[in-house]
Amino acid sequence: MNNIYFYDFFDASDSFIEPHSDEGNSSASLQADYVPPPEVTVHRVGSETVSLEFESSSSSVRYKLHVDYSCNTQRDSVDTDDRDSVEIKGLNPGTEYTFNIKRIYEDGTESNTTSLSVFTEPVPPAGITVSNITSESLSLQWDPPAGEVESCIVTCCSGGETVEEKTTNTNSVTFNSLKPGVSYSLQVSAQLRNGTTSSPASITAETKTELESHLEDLGLMPYYREKLTLSKILEIDEKTITDVPVKSKSDLPWYFLKKLMMVNVTARNMKCASVSELNCDDSSGKLDLRDLLDSPNTGDTLNPLDIITALFLCSDAFVQQEMALKMSMCQFSVPLLLPNCDAEPCTLMLWAMRDIVKKYRPPALSQSKGFIEERIVDSQVPMISFVRLGDCSLSKSEILNKLLSNSQQYHDTFVHHNMEGGDSPKRISNGLAEITWYLPGGNTNIDHFNQPVAVANLHGDIATFKKQYFFLCQTSAAVFVFFDHLDSECKILTTQDQKAQIFLVGNSESKKFSLETLVNVATSLDLTKNNIIIKTKQKNDADFIQCLRKKVSDVVEDPQMKMPIANMADIAHELGILVDEDSPECQAGKENADAITEEIHDLLQYKEQQLPLQGQIWKDLTHLEKEQFRLKKVGSENIEMYKSDLEQQREELRKKQNSRDMSTAMTCFIHAISRPGIERCYFLKWMRLNLDNVSRLKLSALREMYKEKCKDSANKDEVKEIDRQLSNSSLGIEHFFREMGQIYEASFSLPETHSSRQQFQHLPKLCAQLLLDGFPLELVDGDASNIPLRWVSDVLTQLNHLVSPKNKIRVVTVLGVQSTGKSTLLNTMFGVQFAVSSGRCTRGAFMLLIRLNEDIKREFGSDFMVIIDTEGLKSPELAQLDNSYEHDNELATLVVGLSDITIINIAMENSTEMKDILQIVVHAFLRMKEVGKRPKCQFVHQNVSDVSANEKNLRDRKLLLEQLNEMTQAAAKMETREENKSFTDVMEYSPDTGNCYVPGLWNGNPPMAPVNVGYSETLYELKKNIIQQLGEGVSSANDVLEFKEWMTSLWNAVKHENFIFSFRNSLVADAYMKLCTEFNKWDWEFKKAMYSWVSNAETKISNFGTVAAKSQISDMEEFLNRLKCEATTELSKWEKKLLDNLEEYFKQTDGHVYLVAGYKEEFKNSAKNLRRELENSVVNQLTAAADIKQALKEVDRIKENHTKEIEKAVGELISQCRKRNVQMTDAELEKEFDRMWSETLRKMSFSGLKRRDVFTDVSHYLRENVKKKGSHACELLSEKSLEKCGLAAFKYKPEGLVETLKNTFRGWFNLQDLVKARQKVADNVIAVCQDSVTEKKKRKTNYHNTYIQEILRIIDEMLNNADVDTDIEFEVPLKQHICAVAARNFQRMQEDFIQANNPKFLLDKNKERFCADFKDVFHKRDQCQKKAEEFTEQCLKPAVEDFVYRSLGPNITDEMMRSKAFSTRTSFQGLVLLDLLSKEDFKSYLSCICNYEDYVKTWILKQIKKHFSDASKTSGYEEEHLKSSIQNIKDAMKKAKSEKSADLKTFVEHICKELGDKLVISQDAHASCFMILNNADQEQFAGWLTESVEKMEETLKKKFKDTTFERKLEHIRVNPQTELFTRVVGCGKQCPFCKVPCEAGGDKHEDHFASLHRPEGLGSYRCVSSEKLVTDICTSLVISDTRFRCGATNMKDHPFKSYRDIFPDWHIPPDGSLEASDFWKYVMNKYNEKFAKAYNAKPADIPGSWKNITKQQAETSLKKSFNVS
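Residues numbered from 1 in each chain as written. Predicted model: local features only at pLDDT ≥ 70, side-chain atom pairs only at ≥ 80, totals over all residues. Heavy atoms only, no water.

Comments concerning the overall build of the protein chain
Scanning the protein chain for helices and strands turns up 60 helices and 36 strands. For the protein chain, with 1765 residues in total, the buried portion stands at 54%. Looking at the protein chain alone, contacts between residues at least 24 apart form 75% of all its contacts between residues at least 6 apart. For the protein chain, the accessible area works out to roughly 78,500 Å², and carbon and sulfur atoms hold 47% of it. (Helix = DSSP H or I, 4+ residues; strand = E, 2+ residues; numbered from the N terminus. Buried < 20%, exposed > 50% of the residue type's maximum accessible area, 1.4 Å probe, protein only. Contact = heavy atoms within 4.5 Å. Areas by Shrake-Rupley, 256 points an atom, 1.4 Å probe, with all protein chains shown as cover.)

See below:
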C-alpha cells in the first residue's frame, strides 16, 4: 500500500537572539556572513524513525544543527554536525511528532527555528483472535494498536472477493450473515486521523456448518464422532430423579431422551424456561400490555425436529433403534430418511426401524378376532408420501395429524407449526423424511382405513431435496404434493419417471395460486381431476380432511405398489442414499445370525438337535438336584447310599452331555459372540430379530390350529399336544446362552486338563461383557425352573473382575401375575428392553445392569442398579402342575431375597389372583425376615386411572393390609414362625406410602393409541420414589460377589422344602463371624482390664497394714468394702463400654451388619452375663484375699513382737561384749549369739495360724448344695464320708434294676451307651474342677471357703448344660468325689501356707542373717552395700518377678487371641480340623472325636508353646514389665530421698510405701533385712541400692531368658490355655446327634449351631441289628422322613424333620452344598476299619461316591464350610 504523508510547516519567531558583548565592549555587532533558517524536507518515515534532509548552505561559517522533537508522551532533542540530514530514532509508531530545527553558530548565535509536524507510520494490529464462530457469524478481537490510531478497518474476504468491510474505533468487530462452512480471510488495518493506514494483519477462519453450530448449541458436538450409547442414555443421574426445568439449550436433548425412554408422549414439548417464566410475578401495579404483542418465540426455542435429528445423528445404531421403537410406541413419526445438512447424502434408517413390531386386525380377521403381528420393515404395506413444492400456506404436517386421528382423540404424530417449538425455523431437519403407520383395529366405526398404510412426510421443499423426493416417488404408492404456486417449480414433477400416483394439493385462498398454471402442470403430468385436491374457501378443514382421507383410502384399497421398507435399500443405493445397515459390522452380524437361523425349519426339532443339553437331560439334572436336597423318595434306603446313587446318576447325565459334540449352531453362536464388541452387538440383535420372526410365525400358525381344534370337543388330545407345542415353541437368544451355560457346566465334570474344559473357560467373561453392554443375563431357567449355579456364578465373578473396584449394586425386582405388564413396567421406568412381544411372556428371571452416574454414586452408595424381570406367577402353563405353587414360591423367594426393593405388580381386575400372589409374596418376605434380610416392597396397582384413586382406595388399602396380615399369619404357620402376626412384623410397610396406582398403558384403542402420559408420569414418580428409598437404605449395597453369594445361598435353600430351616449363607456367616470377632475383642478387653484391676487390688490387700500400705484406712472390712465399691464402678464402666460398642456396631451400614441384627439381644445378654460372672469372681477374689490377710494379722503381730525381742536381746548382747574391752573373734561372737538366741527363744511363746478342718468346711458346703436336691440326695450323701471319697478314679456304675434296664435298652438311635455318656460327662467335670484347684494352688495362698463354692458352682453349671440326662444317683457320688479330691488339695495348700507363715520357722530361717548383722554391728562394719543388696534380693527382686509373671499371662493370651485361630469358635474349629487333616493320624482323629475338650486343651497348649517357642516372643513383654518396675523403684527412691528420714529403716519404709500399690513387698523379708542396723549413711545406701537394682535388672533379664516357656507357664497367674479354651469352647453344647461342638458366639445365645456335622458312625453309633457303624449325617437326616428315639423322646420314635420339638435350642440346617461334608466322609472312608475296631463295631458300608473324595476335596470342603484359608 502506498502511504501518503502530510507535513505541516510553519515559521518560528522572526527575531534572532541578540548576541551579547564581551566585557568591556559596549555593544555586539552582527556577523558579516549571515545564514538564514534551514530549509527542511522529510526524506523517510518509519514506525519508529523519521529521516530529515536539509538544503546545502554555501556559507563558510561553522554551525551545527539542533533538532527538538516532541509528542504528547515524549520530548527529546538531537544535535548534529551533518549539514545534509539527520535520522531521529526511538519514536512511537502512529504518533504525530513536532520537529523544531535551528542552526547554532560557533559563537552561540542561533538562527530562527524551522518547525514541521510528521506522523510516524502505524503498525498493523497485533494479537488477532477469532471467537464466537457460528454458522452465520464470527467475531474478531485484537490488541489496541500502538499510537494515535483513530479507527481500524476490517475487511472480510472469501474466494478473493470482499464480502464486507467495516470501520471501527474499538478493538473488536462481528460479521454476520455469513455462509455456513465457508473459509474467510480477515484483514485488520490501523488508520490514523490523517488518513494513513497500516499494512493489514490477516487471519483465516471458517464458519461452522449449520450442523456443527446446532450441535454446539445442544451440547452434542462431542457425540458427533463418539456416538451416544445405550448405556450412556440409560445411565441414572441427577437429572433422572429430579424435575429441574430446562434452563439451557444443552439440556434439551437430555430432557427429550429422559421422557422418550419412559415412553412419555410429552417428550417433544420442550423449551428452555425463560427468565420471565421463572420469575413471573408482576410486582408493579402498572398495566403494560406491550410485551403481550411480542413474539413468544425467543432465540432459545428450538424446533423439536432439529433436536430429534441431532440426536439421531449423534447416536449409535442401537440408540437409534431404541429411539425409533419408543417414538413408535408414542405414535410419533420416526425418521425414514435422515438428512445431513452438511451436503452429505441422507440415510435410509432401515436398521433403526428393525425393532418396531406392530399388531393390527384387518377386516378379514374381524369375525375371528385374530390379528396380524409383524415386524414393520418387513410388512407388505403401501406407503403414501406427502411432500411440499415451494412455499405452502397449508400446514402439511398438521393436516396429516388430522388425517390419521379420529374425531374423538386428536394426536400429534408429526411435528407441525402450531406445536410447542414447531414454529421455530428448522436448522438441520429440512430434508428429513418421517414415517408413521396407520393400522386398523378391526372396527369399521373407528378405523379410517381398512388396510394398514405407511405415511411418509418430507420436510422441506422438494426442489431443494430432490433425492429424497425421487426416493419417495419410487417407493410410494402415491405422492401428495402440497403447493401454493407452480410457476417455475413444476419441472421437478416432470423430470423423473414416476412409479407413484401423483396428487396435487393446493390452496385456492393463497395469493400465489394460479389455476391456469395448475391446469398446465396437470396436463403435462397426465393427471385427472381425481388427482387434484383444492382447499377452497367454501371447504372447511373437516371437509378438506375428509376429501383427502377419501383419496388416500382409494389408493390404499387398490395400491399400485406395496414395497416393504426392507426392500427400499436397493432404490436408496441407486439414488446414492446411504443405508444404515450397510456398515461392515452390521452386515457381518447379519451374516452370522442368518447362518444360524436359516437352518430353523421345525422349532422343536431344531431345539432337540442344535440345543440338546438344555432339553430333557437338564430337566433330569434339575429333578436330581432337588431330590438330593429333599430326599423325598429315599424310603427305607440308607440315606447316604441313596445320596451317593443320586450323585452317580448326576455324573452319568453330565457324561451324557459331554458325549455330545457341540452343535453347528452353538459353534457358530460362540464364534459370533467372540467377535469384537460392536459386531457382537449387531449379531445378537440380528439373532433376536430373526428368532422373534421365526417364533412369531410358528406361534401364529399354532394359534390358528388351536382355534380350529377347540371347536370340536373330540380333539382333546390334539388340543393338548398343540398346547404343549405352544409352550415349547418359544426360541430366543436366552436358549442359546442357556445351552452355552450347560456346555460350560458339563465341562466341569471333566478333568481340569481336558481340552474341552479348557476351551470353554473364556465363556463367562464373554457373557459378563455382554451384561455390561446392556444385554440381559438369565438367572433362572424358566423351562427347567433351575439356576445353572456354576455358570451364573462364574459370569458374575467375571463381571466383578471387569468393574472392580466399582462393583457395588442395588437391586430392583418386579413380581406379579403373568401378563400384567411387569416387563412393560420395568421398560417404561428404566428405559430398558425386556422382551414383551406377543406370545413371549418372560420365563424364569433375567437381570440387567444400569450404570449410575458419578454425581449420584456417593449418595446412592452403589455403582450399578440391577433390574430383575421375572416370569409371571400363577401362569396357566404351570397351573396344571401339582408343584406350581411351590415353583412360584421358589421364584418369589429367590428374587425377593436378591432385591433391595421388590415391586409387587397387581392387576386390580382379579381379586382371586391378587390373593394368591399376596400369599406367595408374603411368604417370600417372611422367609427373608427370618434369615436376616428385610427388603422393601412397593405395591403397584395397575389400571387405576381416576385422579381420586388414592382417596377412593383408602378402604381398599385397608382391606389390602388386612389381607396381608392374614397371609402373614398363614405363611408364618407354614414356616413355624407364628410369632409373626402382621405384615408389619415382617417388614416396614405403610399403606399410605407403599402403594402406587397406575393408569392403563394405552391412551385410547390400540393399535393407534399412544402410551398414556399418565402411565409414564406415574411410573416416573414411582421410579423417583424407589431410587430415593434405595438411597436411604440402612444397609450398604452388596458388591457383585456378595450378590452372587446371596443368589447361591437362596437357591440352595429354596431347593429344600423348609427354606428358613435350610438357609445357609456365607455373607450371613461372615457377618456373624465379624460380630463374634469384635465381641470377643471387647470381651477380652473387659476381662483383661478386670484382671489388671484385681491384681492391683490384691497387691493393695497384701500390703495392707504394712509399711508398704498407702491407704490411711486401718480397718480391713472398711478397706474391703471400698475396694468392692471401686470394683462395681469399674465393672459398670466396662459393661457400659461393651454395650455401647455393640450399639455402635449395629448402627453401621457396612459389613452386612443388618443380616445379624437378630443376634443383638443375645450378645447384649452375653455382655451382661460376663459382667455378672466377673463381678462374682472379683468379689470372691477380694474376699478371699482380705480374709487370708486378716487371718495373718495376729501372726504378723506375733512376728513383730518376736522381732523386737530379738532386736532387744541383740542390742544387750552387743553392749555386754563391748564392755569386756576384749577383741572377740567371730567364733566367740557366734558362740555368744547362739547362747543369746536359745535363751530368747525359750522365753517366747509361738502360736501360728489356726488350722481349719478343710474336710469339714467342704462337707458343710457340699451338704448345703445337695440339700436342694431333696432328701434322697442327702441320704446318698450320708452313706459315705467325704474322707473316704476321691481315693480312686471316678467310675460311674448304674445301680438298681431300673438303671440296668435302661442301660440294656440302647438310646440315642440305639447307639449311645448311657454309662459311657455319663462317664464322659463326669470326666469333663472332674477335669475342669481339677484345673480350678490347680490354679488356686499356684497362688500358694491359704484355703478359703469361696474356693469350694466355686467348684460346686462349676459342677452344677456343667451338669445342667450336659447333653446327657443325669440323675441324683450320678450327681451325688460325682460331687463327693470332686469335693474330696479338692479338699485334700486345699488341706495340703493350707498346711504349706501355715508352715510358710510359722513365726518360729521364720525366725530360724533368718537366724544366720541376724548373726551376721550382729557381728557387723559389733565390729562397726559399713552395712550400706550389704543391706542394699539384701533389700534388693529379699524384697524387691521377688516382688518384681511376681509382677512380671502376673502381667505376662494376659500378654500371652492377648497375642494368641489376635491370631485367626482364636478369633471365633468357627475359625478355631476349622483350623483344628485342617490340622487333623494335615497330620493324617488316626489317634488324633479318635481323640478329637471322643475326648474333644481334652484334645482341644492339648491342641491349644501346643499352639501356645509353638507360637512362643522363640524366647524373643515373650522377652519383649518381660522387658517391658521389668523396665516399668525398675522405673517405679527408681521413682520411689527419688521421692524417698526428698523426704527427711530419721534413719535407714525409715528411708526404706518410704520406698516401700511408694511401691505399695504396684509391688507386693514381703513384710517378713523387709523386717529381717533391717532388724539390726548401725548408723549407716542414707546417701551411701541409696547409691548402693541403685547399683543393686541395676544388677537385679540384668540378673532378671538373664533369668527370664534362660527360663523355659513351659516353666514360665507354671508361674503366670492368668492361664492362657484356660482363657483360650473358654473362648473357643463357649457354651460347650454338642449336637444331639453327631456330637460336634456348638460354634455360636457369646455365652447366652438362643440357638446352638455348627458349621459342619459328621457321620454318626464317627461318634461310635452303630446299627443295632448289624453292629455296623452308620454313615448317616444329621444334616441329611433332618430333611428325610427318618425317625429317631432317645431318652428325650422317652424312647419313642420321633421324625427327624421335627427334631426341634425335642431339641428346640439346636439349629441343624441341611448342608449348604452336596460337597459340604466331604471332609468327614473322607475321614470315615479312610479310617473305616480303625474306627470300627476302636468302637468294637463292624466297619460301615461306605457309599460309592465317598470313595472318590480326595484329600484336596476334603480340604476345600473344610475351608469353604469354616471360611478359613
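Notes on the sheet that holds strand β9 (residues 129–131)
Taken in spatial order, the three strands make up an open sheet running β9-β10-β13, and their pairing is antiparallel. The two strands at the open ends of the sheet, each matched to only one other strand, are β9 and β13 (172–175). Strand-to-strand twist of the sheet, defined as the mean angle between neighbouring strand axes without regard to direction, takes the value 25 degrees. (Pairing = 2+ DSSP bridges. Axes fitted to C-alpha atoms, helices over the stretch in contact; angles between N-to-C directions.)

Side note on the sheet that holds strand β15 (residues 201–206)
What the four strands build is an open sheet, ordered β12-β11-β14-β15; its pairing is antiparallel. Two strands close off the open sheet at either side, each with one partner strand: β12 (161–168) and β15. Adjacent strand axes in the sheet meet at a mean angle of 20 degrees, parallel and antiparallel pairs treated alike. Examined bridge by bridge, strand β11 (residues 149–158) and strand β14 (residues 183–192) share eight bridges and lie antiparallel to one another. Counterpart to V149 in the pairing with β14 is L192.

Details of the environment of A1273
When you line up the elements, A1273 lands in helix α41 (residues 1271–1278). Look at A1273 and you get buried, because its relative accessible area is 0%. Considered as a pair, A1273 and I1368 are 95 residues apart in the sequence and their alpha carbons are 6.3 Å apart. With near-sequence residues (within four places) excluded, A1273 lies in contact with V1266, I1368 and V1372.

Quick look at helix α50 (residues 1492–1507)
Between its first and last C-alpha atoms α50 spans 22 Å; for 16 residues at 1.5 Å apiece the expected length is 22 Å, and the two agree. Residues Y1492, E1493, Y1495, V1496, K1497, W1499, I1500 and I1504 constitute the buried set of α50. Tucked into the core, α50 has its buried residues touching α43 (1314–1338), α47 (1424–1457), α48 (1465–1479), α49 (1482–1490), α55 (1605–1611) and α56 (1616–1625). (Expected span 1.5 Å × (residues − 1).)

Section: the packing of aromatic side chains
Applying the stated criterion to the full structure yields 47 aromatic pairs. Seen from their ring centres, Y63 and Y105 are 6.2 Å apart, and the 65 degrees between their planes marks the pair as edge-to-face. Here the residue Y63 occupies a position in strand β4 (residues 63–70), and Y105 occupies one in strand β7 (residues 96–105), the gap between them amounting to 42 residues. Here Y63 and Y105 have matching classes, each one buried. Aromatic pair F1482 and Y1727: ring centres 5.7 Å apart, planes at 40 degrees, arrangement tilted. With F1482 in helix α49 and Y1727 in the loop between α58 (1718–1726) and α59 (1728–1734), this residue pair connects regions lying 245 residues apart in the sequence. These aromatic residues form a ring-pair network of at least three members: F1482, Y1485, F1719, W1720, Y1727, F1731 and Y1735. (Phe/Tyr/Trp six-rings, centres within 6.5 Å; stacked < 30°, edge-to-face > 60°.)

A short note on empty space enclosed by the protein
Under the criterion given, the structure shown has five cavities of 30 Å³ or more. What the largest cavity holds in volume is close to 70 Å³. Put simply, the parts of the chain that give the lining of the largest cavity at least two residues each are α16 (616–630) and α57 (1674–1677). Split into classes, the residues belonging to the lining of the largest cavity amount to four nonpolar, five polar and two charged. (1 Å grid on protein atoms, 1.4 Å probe; cavity = no way out; pocket = protein on both sides within 12 Å on 5 of 7 lines; lining within 4 Å. Points joined across faces, edges and corners; volume = space filled by probe spheres on them. Nonpolar A, V, L, I, M, F, W, Y, C, P; charged D, E, K, R; others polar.)

Regarding the nonpolar core
Generally speaking, soluble globular proteins have nonpolar side chains that are buried together. In terms of nonpolar packing, the biggest core is built from 131 residues, with L336, L348 and F471 touching the most fellow members. If we ignore the near neighbours within four places in the chain, the residues touching L348 are L336, L337, F471, M568, A569, A572, I577, L578, V579 and D580. Formed by 102 residues, the second largest nonpolar core is a distinct cluster that contains L766, V811, L815 and F864. (Core = buried A, V, L, I, M, F, W, Y, C linked by side-chain atoms within 4.5 Å.)

Let's talk about the confidence of the model for the protein chain
When the pLDDT values of the protein chain are averaged, the result is 82; 87% of them are 70 or greater. When mean pLDDT is taken per element in the protein chain, strand β21 (residues 433–438) scores highest with 96 and strand β1 (residues 8–11) scores lowest with 40. Counted against residues more than four places away or in other chains, residues 878–882, with its pLDDT under 50, gives five contacts. (pLDDT = per-residue confidence, 0-100.)

Re the side chain of H1521
With respect to the element layout, H1521 can be found in helix α51 (residues 1512–1538). We classify H1521 as buried; its relative accessible area is 10%.

Topic: the environment of K1136
As for its position among the elements, K1136 is in helix α37 (residues 1116–1147). Sequence-wise, K1136 and A1167 are 31 residues apart; in three dimensions their C-alpha atoms are separated by 9.3 Å.

Considering the pairing of strand β32 (residues 936–942)
Across the seven residues of β32, six count as buried, placing the element largely inside the fold. Both strand β31 (residues 901–907) and β32 contribute to a ladder of seven bridges, which runs parallel. Bridging from a neighbouring strand, A907 pairs with Q942 of β32. Direction of pairing for β32 relative to strand β33 (residues 995–997): parallel, over a ladder of three bridges. If you follow F939 over to β33, its bridge partner there is N995.

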